[in-house]
Every structure is written in C-alpha cells, then in structure tokens.
Amino acid sequence: MPGANVSDAYNRELLEEQYARWQNDPQAVDPSLDAFFRGLEFAGHAPNPEMPGTGLSIDVRLQVAAVRLITTYRDLGHLLADTDPLAEAPNAEMPWALSMERFAVSEADLDVLIDPSMFFGMSGRVKLGFLLQALRETYCRSIGVEYMHIQGFEQRRWLASRMEPTRNRPEMPRQKKFRTLMVLHWAEMFEQFLHRKYVGQKRFSLEGGETLLPILDVIVERSPALGVKEIIIGMAHRGRLNVLANLLQKPFEEIFNEFEDMYLPESTRDGDGDVKYHMGFSADIKTTDGGSVHLSLAPNPSHLEAVNPVVEGRVRAKQRRHKDSERITGVPLIIHGDAAIAGQGVVMETMNLANLTGYRTGGTIHLVVNNQIGFTTQPRDARSTQYCTDVAKFIQAPVFHVNGEDPEACVYVAQLALEYRQEFRSDVVIDMLCYRKYGHNEGDEPSFTQPLMYRRILAKIGIARTYTNQLVERGDLKQEEADAIDASFQTRLDSALQEVKGGPPRKKGMKGYAGTWVGLSNAYSHEPVATGVRGEVLDRIAERLLAVPADFDMHPKLKGIITARRDNVVGRKPVDWGTAEALAYGSIVLEGYPVRLSGQDSRRGTFSHRHAYYTDYNNERSFCPLAELDPNQATFFAFDSCLSENAVLGFEYGYSLDAPDSLVIWEAQFGDFANGAQVVIDQFIASGESKWNRGSGLVLLLPHGHEGQGPEHTSARLERFLQLCAEDNMQVCNFTTPAQCFHALRRQVKRPFRKPMIVMTPKSLLRSSLSPMEEFISGRFREVLDDATAKPELVKRVLLCSGKVYFDLLAKRDEAQRNDIAIVRLEQIYPWPEEQLKAVLGRYSQAERVWVQEESQNNGAWFFVDPRLRELGYEAKYCCRDASSSPATGSHRVHKFEQDRLVAAALDSPMPFLVSVVKKG
Ligand SMILES: Cc1ncc(C[n+]2csc(CCOP(=O)(O)OP(=O)(O)O)c2C)c(N)n1
Ligand SMILES: [Mg+2]
C-alpha cells in the first residue's frame, strides 16, 4: 500500500462496508469488529451527518486508529520505554511498530476527538493526541511492561486496570518516599563503608543497583497486608551482603567479623564453611505497621541459578508444614543476574515446575538486577533475545522492565508484582535495569573491556543522591533530613566495626539444626536401629493395597499383581522389591513420617515394579492405596515429575531441608541421567552440610547395573558418588535384596541424624530377588552380608562384591558346586562399614580376596574399596571389565560375552583379571 492517504481511504471504505454488513447481521463480520461496532453504539454515538454512509458520530478511521494504538502500546510500548539508566538519549529511536506512519495518523489527526472509554481507562471523548500522550506516559516512561503474551484475559485486564492510565495513579505518600530514600541511603552507605574499611576484598558491590533494596523492602512491608508470612529468597553474589545487612538485618558485627576472617574451626564437625557471600540467614522482620514477616535467604553455591529449584522445594515443604494449601503465606523470591537468567538452563527447568501439581508453589517473584553486563560479557554476546527475561514468557509471567534510577517506579512495580502473585498465584518478573559501578568485583578493571560504558558510569552521582536531589527540588524533603539518615546509619556502622575490631575472634554464625531440626544432629553412626515391623502391621498394609473404592476398576493384570503381593505377605511367602517398597512406605506413614517420592514415571515405576498409584481401567481416575491406609497416617505422595533432572532433584533437595520429618525420595529414570543434575549432587547434596551446616535426608534411587542396555542405561556412576564421600557426608548403597531396601528406607527416618542416601537400585532384580517375610519382621539393615552357606575352613577365595553381580556369581558357584568360594556383599559402601567388614573378612583370613565388579576398572567401587581394604589389612585383587571410556558396550552380545567371562574368571582365573573382548596391543 504506497501512501498513507491511499491506505486511509482504503481502510475507511473497508470499514464502512463492514459496518453496513454488521447492521444487517452482526454475525456477518469478524467477532472483533462485532465487539468494536457494538462498543461504539453502546457508547451512544448518534448517526453523524458529516460522515454520510457510516452512521457513526465520530471518525471511524481515527477511532480504529485509537483502538489499534491502545492495543499496540499495551503490547509494544515497552520498546519505547525509558528504562535504561545508561541510555545516552532515551527514546531516541521510534520503533516502526509504534510510529504514526504505521497507524496512518497525521499531525492534524491528533486534534480530532475520539472515544477511548470502552478500551482505555478514560471517560468520554478526548483528542487522539491526548490519548497518545496518555499511552506514552503509561507504557513508555520508567516502566516498560510485557503482558500481552499472557493468554488469560483476566490477568491482562487486571494488569491494565492497575496501570492505565498513569495519571490516575495516586502519588506516592511522603512517608513512603522517605522510606524509599532511607533504604537507598543505607544500601549505598553500607557498600561505601565496606569499600573503605576492607579495601580490595571481594563483596560484589551493589552500587549502581541499590534500588534492589527499596524494591525488596516494599515487598516485605506490603507482605502482612497481603497475607504473606514468610519469604524464601534465592540470590547470587551481587548485593548479597547488602541484602543480608539491610533487609534481613544480619548484624553488621557478624558481617564485619567474616571480613576479618579470624575464624579457625574447632572440630571437623564444624565443617569447611563457605565464603561470606554464599551464606544463608533467616530472621523475623518487623514491618513499620507492626506486622511480622519471616525472611530466609538460602545458602547457595557459586553456580549461578542453581539455587532456584532448591528455593522452590523449600517453599513447598514449608507450605505443607504450615498447611498453606492456598499458597498464600509462603512466597519464593528469586533474584537473578541478567547474564545468568538468560544463560542457565535451570532457570527454564525451574519455571516449568510452576504449574505442576506436585511442585507448584503459588508463583515466584523473579527480580533481575540487570546491570547490563555479565562479568565482561555484553548482552549481545550473552543472549539471543531482546530481553534477558524472555525465558519467563513461556510460563505466562508478566514482565516489568523498570529503570533502577527511578526508585518510585521500582517501588510501584514491586508492589504490583506482589499483588499480582497473591491474586493469581503465578510467577511475575521485575527486570530492574541499572549499572555496575565497579568491575565484576572490586579488584577488576572494567574499562579494559567496556571503556565507553564506564565513562558513562563514572559520570553518575549515585541513585541515593539523585533521588535526594529530586525530593529536595520537589519540596518533599529537606536536605537536613537526608543528612540525618546518613549520620545515624554511619554511627551504627562505626560502632559495629569498633566492637568487632576490639573484641575477640568470634565463631562464624552458622545456624543449623534449629527449628524443625531440633533434636537431629549431623553425627553419623553405624549403630543398627530397630526397623523390623510387626507382622500384623505388614498384613494390614498388604490388605489395604487391595482396598480400592467400590466403583474403582483395576486393570485386570494389575489386580493379579497386587493380589499376589497381598497373598505373599499374609501367607509369609518371599516377596519382591515392589512389595518391600510398599511395606516400607506404608509402615513409615503409619508411624507418622510423611513420604514424598518424585521422579520421571515414578508412580508406576520405570520398570513397572512399584504401582504406587492405580489407574481406573475405565476412566483413568487414580487411586493411591498408601495414602488411604489409616485416617491418622502421615501423607504419602508420589509424583511423576517433568522431564528434568536438575530442577527436580534441586527441588527435592530443597524440600528435604525443610522437611526433616519426611522421607523424601528422588528417583532417576535410569541412574545414567542423574548427571544432568550434577551441580545439585556436587554443590548441595555432597557438600551442603560441610559448607552451610545444613542437613538433608534425601534419598536418590538410581537404577544401575550391566544388563546389556547400552552405554546410557547401565551406570549411575557409582564411582563419582564415592569420590564425593568424606566426613560421613552421605550414604552410598547398593542393595541386593528387597528386605535390605525396606530396612534402609525405614532407618532413614528412624535415626537421630539425617544424611543423604544414594542408592544404586536394581532393574532385573526388582522381580528376581525375593526376601522371606521374617526378614521384614525381625530383621534389620546390614551393611555387609556374609555368605550364609560357606564353611570358612574350606574357603580358598572370597569374592567381595556389591549389587547385582552377586547373583551371577552365586548361580555360577552353586552350579559348579564350589564350596571353596565364599561370596560377601557390601551393601553400604559409604560410610565405610569397617567393623562389619573386619568381622566378616576375618572369618576367611586365610583365603585369597577378590573384589569383583561388573563395572569397568576405572568405574564402580574398585578404586574406592582398594585402599580401604588395604588399610584393614585385607588387601584384595580385582576382577572387572577392562578400563573403558564408555560405561558399557552398545552390543547385547558383547555384553553377554563380557558378563560370562567376568563370572567365570571370578571363580577360576588367576587374579587380577580384566575382561576384554579384544586382545590388548
Ligand atoms: C554456572 C556459573 N558459570 C560461571 C560462573 C562465573 N561467573 C560468576 S559471576 C558471572 C557473571 C554473572 O553475570 P550476571 O548474571 O549478569 O550477574 P552480575 O555479576 O552482573 O550481577 C560469571 C560468569 C558462575 N558463577 N556460575
Ligand atoms: Mg549482570
């Protein structure tokens, strides 16, 4: 369409034609036009003699333009918004999408009256130019908002009604301005104080982004009125000390003490600790109106964004504990960096949990400290998207881009975000654009890489001063009032520092084992615990497995399986793995400990062994027998998770931190996939206790074992877990019998300490390994299983092994009727059961010892057990697959060959022995 005039005429003609059609039959036009014409008539426009043919009182073309302007500014106004404090000329370039050319509106048209009342929060007719100005004020000032991607019209309407038009927004009360200013001053002064007193020490200054603090402050201040009692915060390095000091009110003395770094641990139980900007903290904060909000800042590793799912899991556990089923009182708040939120996949994986039954937390407030740089990397190299927050759009979160140099706009947006979260129980994002006064840390020279950016930053006088000047100019504040804020804060800082410098070195403030953790400790013990369960209780659980509602149709095959389970238990016959798990979970919830199991396809179980939930054969309704055992039982939940390892494992770890009374289990589809969550394993599960003094009783069920299914369905990487073991940080197990699994799960909640438990779980053994019922009633967990039939005086070779290979060895030995061979199983590899092993191996002290593993030499437990056996004085030789870069062969035939060779060699070949299909060399 060449010129505007042609297109105007064309548009008008088209509309007139449509209007005529609509008058005959409202359904003959597009529904949007129907609504539009109805709106015009509803607004009471009489036929207009000046516009023959249209039957309308106003200029239809410009009325249409007005509607288009409104929808376009709602949609794309953010492109023109003045959100960047480093922009040289704000709004310099008019995006074509918002240009007058696009709407075919001329200068003269701006004086024509239109009626936006049906579409925009204005009453009566206004000039088109006036509407345009109002739209720009609403959508193109310090706040640019994206919300038209939200499919829910209710959410859109709610947001529009609160934002449109800006001029209706009441001015911020003076008190609030004063508080905003005060918090800004605290934020700036705290950084400057550290800068002067601890020269060159890393603190990841917030300067340039101080408005983070007023944003957080107003969220806390508004919380009581909106029903929020608790906020769990996850955040990275930037401004963390400031948040700890000025939001969570961590005493300055404690923070300065960490800068002094005078601390030496007194015992290994004190752990290794962590750098000061990773430490967590929690406190009850009093708000100015007399309310109270509990704030927790989760400890976190350097790995950016890794804490997100952990925060969500913690919130979920707290919501359950506080019976906050509406998810109103506990709110997750995650603070991101602009580079991290755009780059790290766990951000998306965690957001994807937002609406899932087993994982939702009622909406997360995301806050980006967008200093427009990541270390030395510019946004154009950090992401492929316009905004760093674009990932949040897939969960329909509204996104507010806001200029960090406009504290009042930031505070307004923060309130709106909290209100939105409370209203819709869904995620919301604040993208606070700011800058970073120094380099990535205080010792870094930013002008090596961003000389121009830093010239602009150097010219800044700071947000606290800018805002003070504004308030003074506007007559809202006297300079002396601002000076008084500074003086009293300075006194607080000075006296805290004096106290630290003058006093003795203090212990680090590593809180842990408080609140719900009281009574639990971090001291591991090999002491056996009574985990047997009376026969009547087991019978009752078994009977209830079949007690489906009267109108519930079980799959006929499943009914057979469950009936067999019941019959085996009641008839005291050997039972399989699925039955043992059901008895474990059932007895645990009957004793008052909740159970939460989550993982991919965990309800049925990847290998169809569990059937924790039944599905009605006719209508797909589900029924969970373990949740219906007894009215007084604790809860039982199993969830089929989304297809994520990282976020789901992080979530369950977080959940376990706030649910020490619960048995929390994450199950991998196959153990091979657990390394998708390696950061959670390394940074949280293995080392969280040592770094942060935080315990976890999380259980990982990782299907493991060489069964010829190829390189990615074989190994849970036992070796990696073992390498992470030290200081009794976690348990690593490989059970061979259902009863062992039963007792190990039960002891996990019955001991006075909590440690993560990593279990190599079986695949084929789920069906083939059976345990007699007596072992459930009078047995207990055994870290080492001796050979029940071997006669030590005859034994010449002891095969020491762990996991499924035991059964292969057993079958071969029994087939060959070899009474000179004993087979000993290590069921818990760590904490290393030294005493038990000594006792068992001592019985065969004259025999040759061979460690047999089906894993390759460089994998499995060999490298771990070898030095420990030596230390015991029971040195062993190895028998395993040859070292290999891939965990298993892709060929089933080769697998079978290797497995047969391994087992045959274990019985007869000279040791050490390496299985290989091809000759070396
Ligand atoms: C997963 C991960 N990769 C790399 C790093 C190293 N690193 C630390 S801070 C940082 C830049 C972060 O930029 P941004 O998210 O924008 O936060 P800012 O420091 O600008 O506040 C990088 C790459 C890290 N901590 N975590
Ligand atoms: Mg950044």
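The structure this text deals with has already been given above.
A quick note: this is a predicted structure, and the numbers were derived from the prediction, not measured. (Residues numbered from 1 in each chain as written. Chains lettered and ligands numbered in written order. Predicted model: local features only at pLDDT ≥ 70, side-chain atom pairs only at ≥ 80, totals over all residues. Heavy atoms only, no water.)

1. A look at the overall build of the protein chain
Okay, so step 1: The helix and strand tally for the protein chain stands at 32 helices and 25 strands.
Okay, so step 2: Its C-alpha atoms give the protein chain principal-axis dimensions of about 115 × 80 × 65 Å.
Okay, so step 3: Of all 921 residues assigned to the protein chain, the portion counted as buried reaches 58%.
Okay, so step 4: Surface exposure of the protein chain reaches about 37800 Å², of which carbon and sulfur atoms provide 51%.
Okay, so step 5: Each charge class in the protein chain can be summarised by its mean position, and for the 107 positive and 121 negative side chains these summaries are 4 Å apart. (Helix = DSSP H or I, 4+ residues; strand = E, 2+ residues; numbered from the N terminus. Buried < 20%, exposed > 50% of the residue type's maximum accessible area, 1.4 Å probe, protein only. Areas by Shrake-Rupley, 256 points an atom, 1.4 Å probe, with all protein chains shown as cover. Lys, Arg positive; Asp, Glu negative; His and termini not counted. Charge placed at Lys NZ, Arg CZ, Asp CG, Glu CD.)

2. With respect to the nonpolar core
Okay, so step 1: Ranked by internal contacts, the top residues of the largest apolar core, which has 106 residues, are L131, F190, L212 and F256.
Okay, so step 2: With 11 residues, the top contributor of residues to this core is helix 15 (residues 407-424).
Okay, so step 3: Not counting residues within four places of it along the chain, the set of residues in contact with F190 comprises L241, N242, A245, N246, F252, I255, F256, F489 and L493.
Okay, so step 4: By size, the runner-up hydrophobic cluster in this structure holds 72 residues, among which are F651, Y655, F684 and A847. (Core = buried A, V, L, I, M, F, W, Y, C linked by side-chain atoms within 4.5 Å. Contact = heavy atoms within 4.5 Å.)

3. As for the sheet that holds strand 25 (residues 913-915)
Okay, so step 1: On the basis of which strands lie adjacent, the open sheet formed by 6 strands has the order 19-21-20-23-24-25 and mixed pairing. Looking along the sheet, the strands with just one partner apiece sit at the ends: strand 19 (784-785) and strand 25.
Okay, so step 2: Bridge count for strand 23 (residues 848-856) against strand 24 (residues 877-881) is 4 bridges, and the pairing is parallel. Across the sheet, V850 pairs through a bridge with K877, a residue of strand 24. (Pairing = 2+ DSSP bridges.)

4. Remarks on unusual backbone geometry
Okay, so step 1: That bond from Y830 to P831 is cis: its omega, -15°, falls within 30 degrees of zero.
Okay, so step 2: Considering the arrangement of structural elements, one finds P831 in the loop between strand 22 (828-830) and helix 30 (834-843).
Okay, so step 3: With an omega of 0°, the peptide bond running from M911 to P912 counts as cis.
Okay, so step 4: Among the structural elements, P912 can be located in the loop between helix 32 (892-908) and strand 25.
Okay, so step 5: Unlike most non-glycine residues, F204 shows phi in positive territory, near 55°.
Okay, so step 6: Along the chain, F204 turns up in the loop between helix 7 (174-197) and helix 8 (212-222).
Okay, so step 7: Given a relative accessible area of 5%, F204 falls into the buried group.
Okay, so step 8: Unusually for a residue other than glycine, E305 sits at a positive phi of about 70°.
Okay, so step 9: Overall, E305 belongs to the buried group, its relative accessible area being 7%.

5. Topic: helix 29 (residues 805-816)
Okay, so step 1: Given a rise of 1.5 Å per residue, 12 residues ought to cover 16 Å, and the 17 Å separating the end C-alpha atoms of helix 29 matches this to within 8%.
Okay, so step 2: Buried residues of helix 29: V805, Y806, L809 and R813, and no others. Angular distribution of buried residues about the axis of helix 29 spans 100°; they occupy a single face of the element.
Okay, so step 3: Buried residues along helix 29 sit against strand 20 (797-801), strand 21 (821-826), strand 23 and helix 32.
Okay, so step 4: Where helix 29 ends, the next residue or the one after it, Q817, has phi of about 50°, a positive value. (Expected span 1.5 Å × (residues − 1). Arc of directions from axis to C-beta.)

6. Focus: the environment of A409
Okay, so step 1: As for its placement among the helices and strands, A409 is situated in helix 15.
Okay, so step 2: Spatially, the C-alpha atoms of A409 and T376 are 29 Å apart, while their sequence positions differ by 33 residues.
Okay, so step 3: When neighbours within four sequence positions are excluded, A409 is seen to be in contact with S142, I143 and V402.

7. Here we look at the site of ligand 1
Okay, so step 1: Inspection of the region around ligand 1 gives 15 residues, with H237, R238, D338, N371 and I373 positioned closest.
Okay, so step 2: Here a nitrogen atom of ligand 1 and a backbone polar atom of L304 are 3.2 Å apart.
Okay, so step 3: Backbone polar atom of I373 to an oxygen atom of ligand 1: 2.9 Å apart, as the coordinates give it.
Okay, so step 4: Considered on its own, ligand 1 offers 580 Å² of accessible surface; in the complex 75% of this is hidden by protein.
Okay, so step 5: If one sorts the elements of the shell around ligand 1 by residue count, helix 12 (residues 338-343) sits on top with 3 residues.
Okay, so step 6: Across the shell around ligand 1, the residue classes tally to 5 nonpolar, 8 polar and 2 charged. (Near = heavy atom within 4 Å. Polar contact = N/O pair within 3.5 Å; in protein donor to acceptor, adjacent residues only side chain to side chain. Nonpolar A, V, L, I, M, F, W, Y, C, P; charged D, E, K, R; others polar.)

8. A word on the layout of surface pockets
Okay, so step 1: Here the second largest pocket is characterised by a volume of approximately 740 Å³.
Okay, so step 2: Taken together, 28 residues line the second largest pocket, and the ones lying closest to its centre are T83, D84, A87, Q372 and L433.
Okay, so step 3: Mapped by element, the contributors of at least two residues to the lining of the second largest pocket are helix 14 (379-382), strand 10 (428-433) and helix 16 (451-458).
Okay, so step 4: When grouped by side-chain class, the residues that make up the lining of the second largest pocket number 13 nonpolar, 8 polar and 7 charged. (1 Å grid on protein atoms, 1.4 Å probe; cavity = no way out; pocket = protein on both sides within 12 Å on 5 of 7 lines; lining within 4 Å. Points joined across faces, edges and corners; volume = space filled by probe spheres on them.)

9. Brief notes about the pairing of strand 9 (residues 399-403)
Okay, so step 1: Taken across its 5 residues, strand 9 has 5 buried, putting it largely inside the fold.
Okay, so step 2: Residue alternation in strand 9 divides its side chains into two sets, V399, H401 and N403 and F400 and V402, and both sets are buried.
Okay, so step 3: By the bridge criterion, 4 bridges tie strand 3 (residues 143-146) to strand 9 in an arrangement that is antiparallel. Considered in strand 9, the bridge of G144 is made with H401.
Okay, so step 4: As paired strands, strand 9 and strand 10 are joined by 5 bridges and run parallel to one another. Of the residues in strand 10, the one forming a bridge with V402 is M432.
Okay, so step 5: Handedness of the β-α-β unit built from strand 9, helix 15 and strand 10 comes out right-handed. (Right-handed = clockwise from strand over helix to strand, strands pointing away.)

10. Some thoughts on the side chain of T736
Okay, so step 1: With respect to the helices, strands and loops of the structure, T736 is situated in the loop between strand 17 (731-733) and helix 26 (738-750).
Okay, so step 2: Taking relative accessible area as the criterion, T736 reaches 0% and is therefore assigned buried.
Okay, so step 3: Engagement of the side chain of T736 in a polar contact is seen with the side chain of R825, the distance being 2.9 Å.
Okay, so step 4: Once residues within four sequence positions are removed from consideration, T736 is found in contact with W577, L765, S769, L785, G803, Y806, F807, R825 and E827.

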